[in-house]
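Report on the structure
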Amino acid sequence: MLGYVVGEEMCPYRLVLEHVTSRWGVLVLIELRERSYRFSELRRAIGRVSEKMLTQTLQTLERDGLVHRDAKPVIPPRVDYSLTDLGREAAEQVLALALWTENRMDDVEKARKAYDEARS
């Protein structure tokens, strides 16, 4: 079963799951499915993400082997981000969940309304 916690440490797969399904991780993976992006382009495409959070998210996903950082030795410096094969696989899974959420939003809204009405 998913979710084993050993002492104070999370199982490694649970930590990767958190990275992939984090607020910004999901959006980075989905956006990078289409093409590689420069940092500023990716930030604009995602919207409302701080430079610090996007940097941290990209570094985490790069460390996990999901994102490739390509720093070109030019002036001014150019860095492109793209998905690795592993990242592309993860992005497809995240996209499926995002599409399911979008398609089932009416049902979620009905459930929320029923819940709220029962509590009032």
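Before going into details, it helps to say that this report is about the structure given with it. Note that the coordinates shown come from a computational prediction; the quantities given were computed from them, not determined experimentally.

**A closer look at the overall build of the protein chain**
- Across its full length, the protein chain carries six helices and five strands.
- When the helices and strands of the protein chain are placed in sequence order, the string is β-β-α-α-β-α-α-β-β-α-α.
- At 18 Å, the protein chain has a C-alpha radius of gyration far larger than the 14 Å of a compact globule built from 120 residues.
- Here the C-alpha coordinates of the protein chain stretch approximately 60 × 35 × 25 Å along the principal axes.
- Across the protein chain, the fraction of contacts at a sequence separation of at least 24, relative to all contacts at a separation of at least 6, is 42%.
- Element-wise, carbon and sulfur atoms account for 54% of the exposed surface of the protein chain, whose accessible area totals about 8800 Å².

**Some words on the pairing of strand β5 (residues 78-83)**
- Relative to β5, strand β3 (residues 37-38) runs antiparallel, the two sharing two bridges. Looking across to β5, one finds that Tyr-37 is bridged to Tyr-81.
- As judged from the six bridges shared by strand β4 (residues 67-72) and β5, these two strands associate in the antiparallel manner. Each bridged residue has a counterpart across the sheet, and for Val-67 the counterpart in β5 is Leu-83.

**Quick notes on the nonpolar core**
- Residues Val-28, Leu-32, Leu-42, Leu-54 and Leu-58 are the most contacted members of the largest nonpolar core, which totals 22 residues.
- Counting only elements with at least two residues in this core, the list comes to α2 (23-32), α3 (39-46), α4 (51-63), β5 and α5 (85-103).
- Considering every element that reaches this core, the biggest residue donor is α2, with five residues.
- Filtering out sequence-adjacent residues up to four positions away, Leu-32 remains in contact with Tyr-37, Leu-42, Val-67, Tyr-81, Ser-82, Leu-83 and Arg-88.

**Section: α4**
- Counted at 1.5 Å a residue, the expected span for α4 with its 13 residues is 18 Å, and the 18 Å between its end C-alpha atoms agrees.
- Turning to α4, its buried residues number three or more, namely Leu-54, Thr-57, Leu-58 and Leu-61. Down the axis of α4, the smallest arc covering the buried residues is 95 degrees, so these residues share one side. Along α4, exposed side chains directed more than 90 degrees from the buried face belong to Lys-52 and Arg-63.

**Looking at the sheet that holds β3**
- Strand order in the open sheet formed by three strands is β3-β5-β4, and the pairing between neighbours is antiparallel. The sheet is open, and its two borders are formed by β3 and β4, each paired with just one other strand.

**Some remarks on the packing of α3 against α4**
- One way to put it is that α3 packs onto α4 with a least axis distance of 11 Å and a crossing angle of 110 degrees. Comparing their axes, α4 and α3 come out roughly perpendicular. Together, Phe-39, Leu-42, Arg-43 and Ile-46 of α3 and Glu-51, Leu-54, Thr-55 and Leu-58 of α4 make up the contact between the two elements.
- Its residues assigned to classes, the contact of α3 with α4 shows five nonpolar, one polar and two charged.

Cut-off values and rules
- Residues numbered from 1 in each chain as written.
- Predicted model: local features only at pLDDT ≥ 70, side-chain atom pairs only at ≥ 80, totals over all residues.
- Heavy atoms only, no water.
- Helix = DSSP H or I, 4+ residues; strand = E, 2+ residues; numbered from the N terminus.
- Rg over C-alpha atoms; globule rule 2.2 N^0.38 Å.
- Contact = heavy atoms within 4.5 Å.
- Areas by Shrake-Rupley, 256 points an atom, 1.4 Å probe, with all protein chains shown as cover.
- Pairing = 2+ DSSP bridges.
- Core = buried A, V, L, I, M, F, W, Y, C linked by side-chain atoms within 4.5 Å.
- Buried < 20%, exposed > 50% of the residue type's maximum accessible area, 1.4 Å probe, protein only.
- Expected span 1.5 Å × (residues − 1).
- Arc of directions from axis to C-beta.
- Axes fitted to C-alpha atoms, helices over the stretch in contact; angles between N-to-C directions.
- Parallel < 35°, antiparallel > 145°, perpendicular 65-115°, else oblique.
- Nonpolar A, V, L, I, M, F, W, Y, C, P; charged D, E, K, R; others polar.

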